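Descriptive structure summary
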Amino acid sequence: MSAALIDGKAFAEGLRQKIAKFADEFEAKAGRKAGLAVVLVGEDPASQVYVRSKGKATTAAGMNSFEYKMPADASEADLIAKVEELNADPAVDGILVQLPLPKGLDEQAVISTIDPDKDVDGFHIINAGRLSVGQKGFVPCTPLGCLMLLKDRLGDLSGKDAVVIGRSNIVGKPMAQLLTDANATVTIAHSRTANLPEVVKRADIVVAAVGRPEMVKGDWIKPGATVIDVGINRVDGEDGKTKLVGDVDFDSAREVAGAITPVPGGVGPMTIAVLLRNALVSAYRRENIALDEDAL
Ligand code: GUN
């Protein structure tokens, strides 16, 4: 039997339409548009593509996009000064500094200067702390997007066995926290986990976020499990061109899983949609306008 495909692209499109509607309402109530600022340092081609897509998606949702480009040899002091200027700018509700930063710039130092209440990436330690103790803050976009897809597919996650493969601060750890808060029983697996296939085999929910192309095989998966593949790996295809694959061996996994996200078109499109969501939520909070955040 072949797994159902979880269409992240379609879900993200629906979310973006909802955001656009709430962005219009925000503008009518606040007398200004919500605004998201993105800072790009250097010329990394992949980052340039991401930043361009973020800018386009922001304007398409009826929000202001502010883009700042700095040279690869910008000093940490210059970058921090830019972040502080954005912290103080009332038109800016969300600040994102595109990562990775060029060598020599300390990412943690830069992120920790972002006003936590404008940190729509959820990377500031204050927001990591808020998530871990259950206070309102900002949750990193990719794991929040994965949770949305899981709830859409499965409804209540109470009592489900979930395995998160990967323990990064950006995906694995917050994902495990979100699943725990949703009453799943969570195991965090990683490169040193013993008997990883057996650990994965217990799971009703598998979230793969390790950055290893096609590592999770179909025979690791419990029949009927829901598989969320966060990996985006560029590998050489048979035709000599490169192709994108996830951390899950899609062809074998889809024969066993109940539902699975494809790569591309699964988790990927969710990240920008959730970023817009976080930026709009920030705008509502900063203007003290009521919003049912769970509806977004
Ligand atoms: N680089 C790749 N993805 C992201 C993201 O979600 N946020 C930031 N700040 N940088 C990234």
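Quick caveat, the model's predicted, so the values are computed rather than measured.

Scoring rules and cut-offs
Residues numbered from 1 in each chain as written. Predicted model: local features only at pLDDT ≥ 70, side-chain atom pairs only at ≥ 80, totals over all residues. Heavy atoms only, no water. Helix = DSSP H or I, 4+ residues; strand = E, 2+ residues; numbered from the N terminus. Expected span 1.5 Å × (residues − 1). Buried < 20%, exposed > 50% of the residue type's maximum accessible area, 1.4 Å probe, protein only. Arc of directions from axis to C-beta. Contact = heavy atoms within 4.5 Å. 1 Å grid on protein atoms, 1.4 Å probe; cavity = no way out; pocket = protein on both sides within 12 Å on 5 of 7 lines; lining within 4 Å. Points joined across faces, edges and corners; volume = space filled by probe spheres on them. Nonpolar A, V, L, I, M, F, W, Y, C, P; charged D, E, K, R; others polar. Axes fitted to C-alpha atoms, helices over the stretch in contact; angles between N-to-C directions. Parallel < 35°, antiparallel > 145°, perpendicular 65-115°, else oblique. Near = heavy atom within 4 Å. Polar contact = N/O pair within 3.5 Å; in protein donor to acceptor, adjacent residues only side chain to side chain. Areas by Shrake-Rupley, 256 points an atom, 1.4 Å probe, with all protein chains shown as cover. Pairing = 2+ DSSP bridges. Salt bridge = Lys/Arg side-chain N within 4 Å of Asp/Glu carboxyl O.

1. Observations concerning helix H3 (residues 76-88)
- The first and last C-alpha atoms of H3 sit 18 Å apart over 13 residues, in line with the 18 Å expected at 1.5 Å per residue.
- Buried residues of H3: Leu 79, Ile 80, Lys 82, Val 83 and Leu 86, and no others. End-on, the buried residues of H3 take up no more than an arc of 155°, which puts them together on one face. Projecting away from the buried face of H3 at angles above 90 degrees are the exposed residues Ala 77 and Ala 88.
- Each element contacted by the buried residues of H3 is listed here: strand S2 (35-41), strand S3 (64-70), strand S4 (94-97) and helix H4 (107-111).

2. Regarding empty space enclosed by the protein
- In total, this model carries one cavity of 30 Å³ or more according to the counting rule given.
- Approximately 40 Å³ is the volume attributed to the largest cavity.
- Ranked by residues supplied to the lining of the largest cavity, first place goes to S4 with three residues.
- The residue makeup of the lining of the largest cavity, split by class, is seven nonpolar, no polar and two charged.

3. Structural notes on the packing of helix H1 (residues 8-30) against helix H6 (residues 141-154)
- For the pair H1 and H6, the least separation of the axes is 11 Å and the interaxial angle reads 100°. Relative to H6, the element H1 lies roughly perpendicular. Across the interface between the two elements, Gly 8, Phe 11 and Leu 15 from H1 touch Met 148, Leu 149 and Asp 152 from H6.
- Considering only residue class, the contact of H1 with H6 consists of four nonpolar, one polar and one charged.

4. Brief notes about the layout of surface pockets
- Considering only enclosed or pocket space, the second largest pocket measures out at about 760 Å³ in volume.
- Around the second largest pocket, the lining is made up of 28 residues, and of these Leu 144, Leu 147, Leu 178, Arg 277 and Asp 294 lie nearest the centre.
- Partitioning the lining of the second largest pocket into residue classes produces 13 nonpolar, six polar and nine charged.

5. Details of the site of the ligand
- For the ligand, the full set of nearby residues is Leu 96, Val 97, Gln 98, Leu 99, Asp 121 and Phe 123.
- Val 97 is positioned with one of its backbone polar atoms (N or O) 2.8 Å from a nitrogen atom of the ligand.
- Notes on the ligand: free accessible area 280 Å², of which the protein chains cover 77%.

6. A closer look at the sheet that holds strand S11 (residues 259-260)
- The six strands lie next to each other as S1-S11-S8-S7-S5-S6, forming an open sheet whose pairing is parallel. Only two strands of the sheet have a single partner each, and these edge strands are strand S1 (4-5) and strand S6 (185-189).
- Strand direction decides the pairing type here: strand S7 (residues 205-208) and strand S8 (residues 226-229), joined by four bridges, are parallel. When the sheet's bridge partners are listed, Ile 205 is paired in S8 with Thr 226.
- Along the sheet, helix H7 (residues 172-181) makes contact with strand S5 (161-165), S6 and S7, crossing S5 at roughly 170°.

7. Looking at the pattern of salt bridges
- Tallied over the entire structure, the rule returns eleven salt bridges.
- Glu 67 is paired through a salt bridge with Lys 69; the nearest N and O atoms lie 4.0 Å apart.
- Given a relative accessible area of 36%, Glu 67 falls into the partly exposed group.
- What makes Lys 69 exposed here is its relative accessible area of 60%.
- With its nearest N and O atoms 2.7 Å apart, the salt bridge here joins Lys 222 to Asp 204. Of this pair, Lys 222 sits in the loop between S7 and S8 while Asp 204 is found in the loop between helix H8 (196-201) and S7, placing the two residues 18 residues apart along the sequence.
- Judged by relative accessible area, which is 22%, Asp 204 ranks as partly exposed.
- If you follow the salt bridges from partner to partner, you end up with Arg 32, Asp 93, Arg 286 and Glu 287 in one network.

8. Some details on the sheet that holds S2
- Here three strands make up an open sheet; going across it, the order is S3-S2-S4 and the pairing parallel. Either end of the sheet is taken by a strand with one partner, and the two such strands are S3 and S4. If you compare each strand with its neighbour and ignore which way they point, the axes differ by 15° on average.
- One ladder, built from four bridges, connects S2 with S4; its direction is parallel. Within S4, the position partnered with Val 38 by the bridge is Leu 96.

9. Remarks on helix H2 (residues 45-60)
- Over its 16 residues, H2 runs 23 Å from end to end, which matches the ideal 22 Å to within 8%, given 1.5 Å per residue.
- Inspection of H2 places Ser 47, Val 51, Lys 54, Gly 55, Ala 57 and Thr 58 among the buried residues, and these make up the whole buried set.
- Against the buried residues of H2 lie H1, S2, S3, S4 and helix H10 (268-286).
- Where H2 ends, the next residue or the one after it, Gly 62, has phi of about 85°, a positive value.

It is worth stressing that arrangement in space is one thing and function is another; only the former is reported here.
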